[in-house]
Amino acid sequence: MKHFSKAMFVGVTIGMLTLAAPQLQAATPKDQLVIGTSLAQVLSLDPQQATEPKALEILANLYDRLVATTTDGKIVPQLAESWTDDGKSLTLKLRDATFASGNPVTANDVVFSLTRLMKLNQSGSSYFKRIGYSTETVANQIHAVDAKTVRIDLTDKVTAEGLLYRLALGVSSVVDSVEVQKHVANDDSGNAWLRTHSAGSGPFTLNKWTPNEIVILDANKAYVGGAPKMRRVIIRHVPESQVERLMLDRGDIDIGNALSKSDLETFETKSNFVIQRVPTGGFYVLAMNAGNQYLANPKVREAIAYGIDYKGIEKTIMGPYGRARNIPVPENFEYALPNPDWHLDVAKAKQLLADAGFKDGFSLTLKTISQTPRIDLATAIQASLGQIGIKVEIQQGNGSEIIAAHRARNFDLLLPQTSALMPNVLGSMDDFANNPDNRLEANNAGNFAWRSAWDIPGLTALAEKTSVEPDAKKRAELYTQMQQMFVDLKPALLPLFERFEPLVLSARVKGYLGHPNQMTRLENVTKADAE
């Protein structure tokens, strides 16, 4: 059964603008791809642990999953060459493949990997917890039928399609169980070793990772799909936009994706570069901690929604990074509702604060990762909310600091970002509409709404009902209800901008197409000779 619009996950909105000026000076080797980005959020390269966007493209190339998604949201085979759904379970047949170690990929490796995901109990496991899998039950739900056949039992909270989309996620990567188990220490499932090593069957292997400095991937010449065209991929930590712009101009890097709006615009007249604007189906979000005495009040949250100059920020700061949107469903998705009437209205926002009992305002802190465009976005929000009487202090930090604070509910306001689990209303709202247990002791740090202490039993129940509704007409009605309920609750997770990933590529680079979920594969990327 199909629960999504095939149309529009990436489709027409990938703006590939070929643009006019000569490339300068140096040139990277033809057999090496060099990417400049911010590695601030790369905290681990254990695929069952890492969920941060910049880590995902690395993992997408070190590991294969049972299935993958195309840039327009279709499920396609990867390690599984075929699968069948009997309504009670999903049975997948594996192709002949080997890990970089030379060990064969077997059904036991699949069972080990998915069981390991639940055992580690990191944030990525929440994708499966929400649909009825757990550390206690997973051993009885995933079966190695034979060396090349895996059966995964469906729960009453998921369809086969919903499960397939989760199996395409980075956290569902299949690891070499034989190799990983050699490196288990203190019952850590090999986590300490796998954070800085690779044990996959993907087109590349991990040569080196120095946090906040560099990642080097080497081609896996024995890859089942054929040796990658690039001998090596080098990912450099270049968080400063102006530095990255200069490196692109000099030819020191082939791809840049941490550029500010103004620096990116300088490439619009340079014919030796191409710009991609990749829609993610996700959002830049203002997370409000509903455990805060002020933010627990829906009127305060509504005042904040009316206290932000979305259009002004879109024009001056976000540009290619974001489009103003306050429902967590991209406006071109099928069944997406029109935007609510939230816009900068200082008088209305002040009245809502007065109605909530805070006519004199109050002070909050806003935490953000030091990364484009979030630093400038935080400053703009600070200025906007200052107009309605909310004094905001900005606290910048690196990825580990801010992500840890988010997961520990240790914040007032915070600027995270999301992606879409599936290319439909349910998939894009997944982070915003699920919080089955809001208790602090539940310690469900992998759950986006839990991190904001936002208790939403009605919306959670509606999302669960929608996820298993087989009738397309009824499901469309439920999609509408979910979005409207979200708006009516005055969300503690306020979508600010539909999120895009703008990339600048040297025109030498061929075959690179950014993936909406940051799962961009690199084995077929080539480079022309330098002029």
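Quick caveat: nothing in here was measured; it's all calculated off a predicted structure.

**Some details on the packing of aromatic side chains**
- Considering all chains together, one arrives at 10 aromatic pairs under this definition.
- Between Phe358 and Phe362, the aromatic rings sit 5.6 Å apart at their centres with planes inclined by 80°, giving edge-to-face as the arrangement.
- Taking relative accessible area as the criterion, Phe362 reaches 6% and is therefore assigned buried.
- Ring centres of Phe432 and Phe486 lie 6.0 Å apart, and the angle between their planes is 85°; this geometry places the pair in the edge-to-face category. Separated by 54 residues along the polypeptide, Phe432 in the loop between helix H14 (425-428) and helix H15 (448-451) and Phe486 in helix H17 (residues 472-488) bring together distant segments of the chain.
- Positioned above the aromatic ring of Phe267 is the side chain of Lys270, whose terminal nitrogen or guanidinium carbon lies 4.6 Å from the ring centre.

**Quick word on the side chain of Glu179**
- As for its placement among the helices and strands, Glu179 is situated in helix H5 (residues 177-181).
- Within the local environment of Glu179, its side chain forms a polar contact with the side chain of His183, the two groups lying 3.5 Å apart.

**Thoughts on the side chain of Gln32**
- Relative to the assigned elements, Gln32 resides in strand S2 (residues 32-37).
- Not counting chain neighbours up to four residues away, the residues in contact with Gln32 comprise Met230, Arg231, Arg232, Ile234, Asp254 and Lys527.

**Digging into H17**
- Taking 1.5 Å per residue, 17 residues should reach 24 Å; H17 reaches 24 Å between its end C-alpha atoms and fits that length.
- Listed in full, the buried residues belonging to H17 are Arg475, Ala476, Leu478, Tyr479, Met482, Gln483, Phe486 and Val487.
- Looking at the packing, one finds that the buried side of H17 touches H14, helix H16 (457-467) and strand S18 (493-506).
- Put simply, Asp471 is the residue that caps the front of H17, since its side-chain oxygen is 3.2 Å from the backbone nitrogen of Lys473.
- Positive phi shows up at Lys490, right after H17, with a value of about 50°.

**Quick notes on the packing of helix H10 (residues 310-318) against helix H12 (residues 374-386)**
- Packing of H10 against H12 leaves a shortest axis separation of 10 Å and a crossing angle of 145°. The handedness of the crossing between H10 and H12 is right-handed. Of H12, the residues touching H10 (which contributes Ile313, Ile317 and Met318) are Asp376, Leu377 and Ala380.
- The residue inventory of the contact of H10 with H12, partitioned by class, reads five nonpolar, no polar and one charged.

**Re the environment of Ile304**
- As for its position among the elements, Ile304 is in helix H9 (residues 298-305).
- Remark: the alpha-carbon pair of Ile304 and Leu344, spanning 40 residues in sequence, is separated by 9.2 Å.

**Quick look at the domain arrangement of the protein chain**
- What the domain assignment reports for the protein chain is domain 1 (61-193) and domain 2 (281-499).
- Look at where the C-alpha atoms of domain 1 and domain 2 centre, and you get two points 31 Å apart.
- Contacts between the two partners involve 14 residues from domain 1, matched on the other side by 15 residues from domain 2.
- Together domain 1 and domain 2 conceal approximately 1,200 Å² of surface at their shared face, both sides included; 54% is due to carbon and sulfur atoms.
- Considering only the surface of domain 1 that becomes buried against domain 2, Ser123, Arg130 and Tyr165 emerge as the three largest contributors, covering 46% of it.
- Linking domain 1 to domain 2 there are three salt bridges.
- For the interface between domain 1 and domain 2, the tally reads four residue pairs in polar contact (both at pLDDT 80 or more).
- If you list the elements that add at least two residues to the side of domain 1 that touches domain 2, you get helix H3 (126-129) and helix H4 (160-167).

Basis of the calculations
- Residues numbered from 1 in each chain as written.
- Predicted model: local features only at pLDDT ≥ 70, side-chain atom pairs only at ≥ 80, totals over all residues.
- Heavy atoms only, no water.
- Phe/Tyr/Trp six-rings, centres within 6.5 Å; stacked < 30°, edge-to-face > 60°.
- Buried < 20%, exposed > 50% of the residue type's maximum accessible area, 1.4 Å probe, protein only.
- Helix = DSSP H or I, 4+ residues; strand = E, 2+ residues; numbered from the N terminus.
- Lys NZ or Arg CZ within 6 Å of the ring centre and 35° of its normal.
- Polar contact = N/O pair within 3.5 Å; in protein donor to acceptor, adjacent residues only side chain to side chain.
- Contact = heavy atoms within 4.5 Å.
- Expected span 1.5 Å × (residues − 1).
- Axes fitted to C-alpha atoms, helices over the stretch in contact; angles between N-to-C directions.
- Left-handed = near helix turned anticlockwise from the far one by under 90°.
- Nonpolar A, V, L, I, M, F, W, Y, C, P; charged D, E, K, R; others polar.
- Domains from an automatic or database assignment.
- Buried area = accessible area lost by both parts, 1.4 Å probe.
- Salt bridge = Lys/Arg side-chain N within 4 Å of Asp/Glu carboxyl O.

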